[in-house]
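Okay, here's what each chain looks like letter by letter:
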Amino acid sequence: MPAPTKGARLGGSPAHERMILANLATELFRHKAITTTESRAKRLRPLAERLVTQAKKGDLASRRRVMRTVRDKGVVYSLFEEIAPTFAERPGGYTRITKVAPRKGDNAPMAVIELVTEAYSAKQSVVKEAEGAAKNAAKADETPAALVDTAAAEDAAAEATAAEDTEAAEKAGFVNAVSTDAAEDEKA
């Protein structure tokens, strides 16, 4: 049983709130982006993320779980066949909320919630993590030894990137002729 959320409900009753969120999720998957109030977007995000995670599994039980929330079979089909495969490599964070201008009639804070369309690269996240660790280490100690450690961490991040690029080239079948000649020389 999930813990109840703090604050007022979106609808008059719990059942009405579930239906509001189900309709928002359906429209999000249909149109890939919707404009709604900030509070509704914040409440929709965990539900949409959970539905995409279920769709990534792709089995019949997951399809039935998603059908409990999203009642439109066409939207469920597109979620499983089109949307979920684009997020196959991404470990989470399938949606993005962007605040926009307030609504004209009642000045309610509005937001656009959309599915993330940029390609996920695990290599980029590793490099960013290494750069962040190097910056944090530099902020913690401003001694010359810390600066040497920072340079070493940056060198390690660069080497990791180069190693990943080499591994990717080898997997693709682009083996460097120099490295194969060196390997043959070592065997001899």
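Residues numbered from 1 in each chain as written. Predicted model: local features only at pLDDT ≥ 70, side-chain atom pairs only at ≥ 80, totals over all residues. Heavy atoms only, no water.

A. Quick peek at unusual backbone geometry. Positive phi values are uncommon outside glycine, yet Lys 32 reaches one of about 70 degrees. Of note, Lys 32 is situated in the loop between helix H1 (14-31) and strand E1 (33-37). What makes Lys 32 partly exposed here is its relative accessible area of 35%. You will see that Asn 107, though not glycine, has its phi angle at about 60 degrees, which is positive. Mapped onto the elements, Asn 107 comes out in the loop between strand E2 (95-100) and strand E3 (110-115). By relative accessible area, Asn 107 is classed as exposed at 56%. (Helix = DSSP H or I, 4+ residues; strand = E, 2+ residues; numbered from the N terminus. Buried < 20%, exposed > 50% of the residue type's maximum accessible area, 1.4 Å probe, protein only.)

B. Just the pattern of salt bridges, in detail. Tallying each qualifying case throughout the model produces eight salt bridges. Two residues, Glu 17 and Arg 43, come together in a salt bridge whose shortest N-O distance is 1.9 Å. In this pair, Glu 17 sits in helix H1 while Arg 43 sits in helix H2 (residues 38-57), placing the two residues 26 residues apart along the sequence. A relative accessible area of 9% means that Glu 17 is categorised as buried. Between Arg 30 and Asp 72 there is a salt bridge; the shortest N-O distance is 2.2 Å. Of the two residues, Arg 30 sits in helix H1 while Asp 72 sits in the loop between helix H3 (60-69) and helix H4 (73-86), which places them 42 residues apart along the sequence. A relative accessible area of 36% means that Arg 30 is categorised as partly exposed. Connected through shared salt-bridge partners, Glu 27, Arg 30 and Asp 72 make up one network. (Salt bridge = Lys/Arg side-chain N within 4 Å of Asp/Glu carboxyl O.)

C. Molecular detail of the packing of H1 against H4. Where H1 contacts H4, the axes come no closer than 9 Å and their chain directions differ by 50 degrees. On the basis of their axis angle, the class for H1 and H4 is oblique. As for the relative orientation of H1 and H4, their crossing is left-handed in sense. Every residue of H4 that contacts H1 at Thr 26, Phe 29 and Arg 30 is listed here: Val 75, Ser 78, Leu 79 and Ile 83. (Axes fitted to C-alpha atoms, helices over the stretch in contact; angles between N-to-C directions. Parallel < 35°, antiparallel > 145°, perpendicular 65-115°, else oblique. Left-handed = near helix turned anticlockwise from the far one by under 90°. Contact = heavy atoms within 4.5 Å.)

D. The nonpolar core, seen in detail. In this structure, Leu 28, Phe 29, Leu 44, Leu 51, Val 66, Val 70 and Leu 79 are the most contacted members of the largest nonpolar core, which totals 28 residues. Elements supplying a minimum of two residues to this core: H1, H2, H4 and E3. No other element matches the seven residues that H2 contributes to this core. Those residues in contact with Leu 79, other than ones at most four positions away along the chain, are Phe 29, Leu 51, Val 52, Ala 55, Val 66 and Ala 84. (Core = buried A, V, L, I, M, F, W, Y, C linked by side-chain atoms within 4.5 Å.)

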